[in-house]
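# Coordinate analysis (summary)
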Amino acid sequence: MNPATAQSAADAALQARTAAEIARQAAEAAQLYADQAASALGAAAHAATGGAIDPFVFRLSIFVLAVFVGYYVVWSVTPALHTPLMSVTNAISSVIVVGALLAVGVTTVGDSSHAWGARIFGFIALVFASVNIFGGFMVTSRMLAMYSKKK
């Protein structure tokens, strides 16, 4: 190997190690910020109610309300708007697939004891989002077939 090539390969390897260390530090900082935000939300709900509502119950109630709102919003859509909304839903689901793939494939930074839980939930999210994308394309295809000329 040429000495200049060996030097550039060594420089590239050093830069890659430096970038990996910076990425690890950024991931640790992001996890710390996410943990602080989640605990702040729960603490704010706990403080706002004078300690009467457990933070888990508060978050669960938000989730249940989101399910009901989503159900009524989806079933209230007119057929003319269905195809554009399915496109947006597929785009959102594709972002969920990327996040789920990261959850399945990347070990948890700093604490490996929670890695299996993240992987299991990531796999479940991956399956649900994939089914949602496939179903969205099937429904969109059928909706567009309604507007095509009959042969």
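Since the structure is predicted, the reported quantities are computational estimates derived from the model, not experimental observations. (Residues numbered from 1 in each chain as written. Predicted model: local features only at pLDDT ≥ 70, side-chain atom pairs only at ≥ 80, totals over all residues. Heavy atoms only, no water.)

## A look at the environment of L85
With respect to the secondary-structure elements, L85 resides in helix 3 (residues 79–105). Given the relative accessible area of 40%, L85 is considered partly exposed. For the pair L85 and V74, spaced eleven residues apart in the sequence, the C-alpha separation amounts to 9.2 Å. (Helix = DSSP H or I, 4+ residues; strand = E, 2+ residues; numbered from the N terminus. Buried < 20%, exposed > 50% of the residue type's maximum accessible area, 1.4 Å probe, protein only.)

## Here's the deal with the nonpolar core
Judged by nonpolar contacts, V97, A100, L126, A129 and I133 together constitute the single largest core of five residues. Only helix 3 and helix 4 (115–146) provide two or more residues apiece to this core. Considering every element that reaches this core, the biggest residue donor is helix 4, with three residues. Sequence-distant contacts of A129, that is, excluding residues within four places in its chain, are made with S93, I96 and V97. (Core = buried A, V, L, I, M, F, W, Y, C linked by side-chain atoms within 4.5 Å. Contact = heavy atoms within 4.5 Å.)

## Describing the pattern of salt bridges
In total, this model carries two salt bridges according to the counting rule given. Across the pair R24 and E21 runs a salt bridge whose closest N-O atoms are separated by 2.4 Å. Placement of the pair is R24 and E21 together in helix 1 (residues 3–48), with a separation of three residues, close to one helical turn. A salt bridge links E28 to R24, with the nearest nitrogen and oxygen atoms 2.4 Å apart. Note that E28 and R24 are positioned in helix 1 at a spacing of four residues, about one turn of the helix. Its relative accessible area of 35% is what places E28 among the partly exposed residues. Where salt bridges share partners, they join E21, R24 and E28 into one cluster. (Salt bridge = Lys/Arg side-chain N within 4 Å of Asp/Glu carboxyl O.)

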